[in-house]
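Fold and geometry: a report
Below, each chain spelled out in residue letters.
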Amino acid sequence: MANVKKAIKISQKHLLGIQDLSITDVNIILTEAKQFIDLNKSKNKKLDVLRGKTQINLFFEPSTRTQSSFELAGKRLGADVMSMNLNNSAIKKGETLIDTAMTLNAMHPDIIVVRHQDSGASNLLSQKVNCAVLNAGDGRREHPTQALLDALTIIDRKKKIEGLKIAICGDIVHSRVARSNIYLLNMLGAEVNIIAPSNLMPKDIDKLGVNSFSDMKKGLKDCDIVMMLRLQNERMTSSFLSSNREYYEYYGLTPDKLNYAKDDALIMHPGPMNRGIEIDTNLADDINKSVIKEQVELGVAVRMACLKIFCE
Amino acid sequence: MIKKKYFLNANIIDPQNSIDEVGGLIIDENGLIEAAGKKVNTNNIPSREKYIDLKGKYIIPGIVDMRVFVGEPGFEYKENFRTLSEASLSGGVTSVVTMPNTNPVIDNVSIVDFLKRRGRDKAKINIFPTASLTKNLEGTNMTEFGLLQAKGIVGFTDGYKTIQNTRLMSRIMRSAYDLNCLIMQHVEDKELSKDGMVNDGIISTKLGLQGISDLAEKIIIERDLTLLEDFNCRYHISQISSQKSLEVIKRRKENVEFTCGVSINNLSLNENDIGDFRTFLKLSPPLRTEDDRLALIKGINNDLIDVIVSDHKPEDEEQKRLTFAQAAAGASGIETLLPLALELYHNESIKLNKIIKALTCNPAKILKINKGNLSIGNDADFCILDINKPWVVKKENLISKSKNTSIEGRKLQGKITNTFVKGEELFKI
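The following refers to the structure shown. Model, not experiment: these values are computed from the prediction.

Comments concerning the pairing of strand E5 (residues 165-169) of chain A
Residue and element names in this part refer to chain A. The buried fraction of E5 amounts to 4 of the 5 residues, a majority that puts the element mostly inside the structure. Bridge analysis of E5 against strand E6 (residues 191-195) gives 5 bridges, and the strand direction is parallel. Its bridge partner lying in E6, Ala-167 is registered against Asn-193. In this fold, E5 hands off to helix H6 (residues 176-187), which returns the chain to E6; that crossover is right-handed. The pairing of E5 with strand E8 (residues 225-228) spans 4 bridges and is classified as parallel. Within E8, the position partnered with Ile-166 by the bridge is Ile-225.

Written out as structure tokens, the structure reads:
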């Protein structure tokens, strides 16, 4: 495994969004990630490919899984990892994103992983630092490593993506996961159905090459994959929905609604889940249908691949 | 007393006096226009006098820019009267209408005195201040329209804020009717557009930015024009951005009287120009689709839109070097107003005469000020234009104190070479 060399280099300096990647880029990342799946299951998980490299995780927004996943990924590759949670330090003192970036840049990191509540924050950061920037989620715009790990999970289970019918359901308007997945799954040849109440559906989403539905049952029909999204109450500044109870009734994934999808349909969720709001708790834990834990597991592999590729 | 000036062989455009011909211009010793047009030639110039042969360059009345934000008082670091004046002169603008969104707000008689004094002492151009519609721009209590107007306020507006309360708006219109005041409304339903940053559509979806629906504009226009049917005051829509608004305006023109403006930004750019989160293109109203832009051009050609403004809103770099959500809205544009408008002439979207009209006599008529023309006996506020001169907009060359141009790097054609106010040459390339 260690002697597998990449034949082609990635076209981008930074990983800001799936939109910037070519299909070749995606394949480079996924191929690399596959090699780390087994390593992560083995007893000795440590490599030294990033030894001597410095990775800074810059998180302006609270995160548990993405941040720990990136931290673990970096450590397993041998990098020196520093995690900074800025939601309660410099920003409160009035420092701007650019100033923070300049400060960190002066410490000569090799890669910065950034999460920020504003769309486009990673783009702005990438213009001001010398090292590679990996976007770990910017506002509502993109969350590229999540989409890549979702794709890897689907390929792992279904052996392909091309020709699959995939439903993405829930709070689309506030979701960077939805946007990144739409770009990636479209690129890889899937048919994408977007399901959301009209209040949570972004304008002109059809122009991204997807089918949109406000009726969940219609949208789930014959789907191979059902990807549920979290209701992002923290981003809702005014009334979007009447109640969680009503939302669950019409847009929560229940066994009854899942019946509209294919019999062997898989359930995915980027987490964290609101059980009983967007997904039935038993379905979420059903090991025959739910691949939610696998997503987390492959997330580390995908992030290792991204760190390795973009660090070079 | 100044020296008498003679200009010959110019293309003279003065829409108010229906002059659009090759001719000359004579400025008398008091800085007033003595004659303009084809009747001015070597035959009416004494042989001992020297004249300037403009060799086909254009003479147009000094531009009247109806929507300008100046940082004084309160935000002098963004723009003060002196820098505004210098920037304006380089763009051929000789009269500006300043917005009341300052600190303190222009909402009472005593601050108007201060403003007039500063304007007179620091600016070489004509400053026509507006005052706010409501005290401290809070949208609740009316300002003293009558007393403020008597002090020289030309119009009333809350600048980039909109009167949201319908009852208050109807009362404002009634008062304005009684006192013959001009109301200028920024048309935006702030509840509908809340947190919005760009046009609501595919671009907002792709960039993950909260959109501003064109309905937010349409709703306020519909509301105000409905009120106007009953309370017919002088009413001006500061600027529109969408096709939908134009449809309303076209329909309403049949039964109510009002006027309407548009920002040069919305005529020259569309939402795609925002590209990779370019905060300098975060504007209010937002840039909309190409279809909207083309509709606005048509609106000028059909006389549904009367005025083109720069919507000059200087912001220092600190307000723009932020994420798109955090960045301030607005662009500095007074010095590029005319050259950018000329792009529409060069690409044959709008006739030159129409463009000049929307920049000079149309705003002057709405404001009821005797500017924007070359009428005999008036102040000789005019500029000389080299209409084909190519140049590139570079922020380091801008004169305005703030460099937040929306058209950095744009190749333009046409530049002001000389600007005169009251017969005095105050800018020369």
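Concerning the sheet that holds strand E4 (residues 132-138) of chain A
Residue and element names in this part refer to chain A. Strand order in the open sheet made by the 4 strands is E2-E1-E3-E4, with parallel pairing throughout. Only two strands of the sheet have a single partner each, and these edge strands are strand E2 (80-85) and E4. Averaged over neighbouring strand pairs, the angle between their axes works out to 15 degrees when direction is ignored. Pairing geometry for strand E3 (residues 111-116) and E4, over 5 bridges, is parallel. Looking at E4, one finds that His-116 is bridged to Asp-138. Against the sheet, helix H4 (residues 121-128) touches strand E1 (54-59), E3 and E4, its axis set at about 165 degrees to E4.

Considering the sheet that holds strand E7 (residues 211-213) of chain A
All names here are of chain A. Taking strand neighbours across the sheet as the criterion, the 5 strands line up as E7-E6-E5-E8-E9 in an open arrangement whose pairing is parallel. Because the sheet does not close on itself, it has two edges, and the strands there are E7 and strand E9 (266-268). Sheet twist, expressed as the mean angle between neighbouring strand axes with direction ignored, is 20 degrees. Along the sheet, H6 contacts E5, E6 and E8; its crossing angle with E5, the most-contacted strand, is approximately 170 degrees.

Some remarks on the nonpolar core
Core analysis: the largest hydrophobic core is formed by 190 residues, its most contacted members being Leu-148, Ile-168, Leu-253 and Phe-310 of chain A together with Ile-183 and Tyr-235 of chain B. Looking at this core element by element, the count peaks at 12 residues for helix H11 (residues 292-311) of chain A. For Leu-148 of chain A, the contacting residues outside a window of four places in its chain are Leu-15, Ile-18, Val-26, Ile-29, Leu-30, Leu-184, Val-302 and Cys-306 of chain A.

Here we look at the packing of aromatic side chains
All names here are of chain B. Taken as a whole and assessed by the stated rule, the structure comprises 8 aromatic pairs over all chains. Centroid distance Phe-7 to Phe-382: 5.7 Å. Interplanar angle 75 degrees. Geometry classified as edge-to-face. One end of the pair, Phe-7, is in strand E1 (residues 5-14); the other, Phe-382, is in strand E16 (residues 382-392), and 375 residues separate them in sequence. Of the residues examined, Phe-7 reaches a relative accessible area of 2% and is grouped as buried. Under the relative-accessibility criterion, Phe-382 is labelled buried at 0%. Sitting above the plane of the Phe-75 ring, Lys-78 keeps its charged end 4.9 Å from the centroid. Its guanidinium or amino end placed over the ring of Trp-391, Lys-415 lies 4.1 Å from that ring's centre, counting from NZ or CZ.

Some remarks on the packing of helix H1 (residues 23-41) of chain A against helix H5 (residues 144-158) of chain A
All names here are of chain A. At a closest axis distance of 11 Å, the pairing of H1 and H5 adopts a crossing angle of 65 degrees. The handedness of the crossing between H1 and H5 comes out as right-handed. Along the contact surface, H1 presents Val-26, Ile-29, Leu-30, Ala-33, Lys-34 and Ile-37, while H5 presents Leu-148, Leu-152 and Ile-155. Split into classes, the residues belonging to the contact of H1 with H5 amount to 8 nonpolar, no polar and 1 charged.

Section: a nonpolar patch on the surface
Residue and element names in this part refer to chain B. There is a patch of nonpolar side chains on the surface, built from Leu-192, Leu-215 and Ile-219 and spanning about 230 Å² of accessible area. Residue position: Leu-192 is located in the loop between strand E10 (182-185) and strand E11 (198-199). The class for Leu-192 is partly exposed, based on a relative accessible area of 40%.

Overview of the interface of chain A and chain B
Of the residues lining the interface, 24 residues belong to chain A; the matching set on chain B comes to 17 residues. Between chain A and chain B, the buried area comes to about 1800 Å², and carbon and sulfur atoms account for 51% of it. Summed over the shared surface of chain A and chain B, the number is 0 salt bridges. Our count for the contact surface shared by chain A and chain B stands at 8 residue pairs in polar contact (both at pLDDT 80 or more). Every element with two or more residues in the side of chain A that touches chain B is listed here: helix H3 (97-105), H4 and H6 of chain A. Here the element with the most residues in the side of chain A that touches chain B is H4 of chain A; it accounts for 4 residues. Here the residues of the side of chain A that touches chain B sort into 9 nonpolar, 8 polar and 7 charged.

What counts, and where the lines are drawn
- Residues numbered from 1 in each chain as written.
- Chains lettered and ligands numbered in written order.
- Predicted model: local features only at pLDDT ≥ 70, side-chain atom pairs only at ≥ 80, totals over all residues.
- Heavy atoms only, no water.
- Buried < 20%, exposed > 50% of the residue type's maximum accessible area, 1.4 Å probe, protein only.
- Helix = DSSP H or I, 4+ residues; strand = E, 2+ residues; numbered from the N terminus.
- Pairing = 2+ DSSP bridges.
- Right-handed = clockwise from strand over helix to strand, strands pointing away.
- Axes fitted to C-alpha atoms, helices over the stretch in contact; angles between N-to-C directions.
- Contact = heavy atoms within 4.5 Å.
- Core = buried A, V, L, I, M, F, W, Y, C linked by side-chain atoms within 4.5 Å.
- Phe/Tyr/Trp six-rings, centres within 6.5 Å; stacked < 30°, edge-to-face > 60°.
- Lys NZ or Arg CZ within 6 Å of the ring centre and 35° of its normal.
- Left-handed = near helix turned anticlockwise from the far one by under 90°.
- Nonpolar A, V, L, I, M, F, W, Y, C, P; charged D, E, K, R; others polar.
- Patch = residues over 30% accessible without salt bridge, like charges linked within 9 Å, V, L, I, M, F, W, Y side chains within 5 Å.
- Areas by Shrake-Rupley, 256 points an atom, 1.4 Å probe, with all protein chains shown as cover.
- Salt bridge = Lys/Arg side-chain N within 4 Å of Asp/Glu carboxyl O.
- Buried area = accessible area lost by both parts, 1.4 Å probe.
- Polar contact = N/O pair within 3.5 Å; in protein donor to acceptor, adjacent residues only side chain to side chain.

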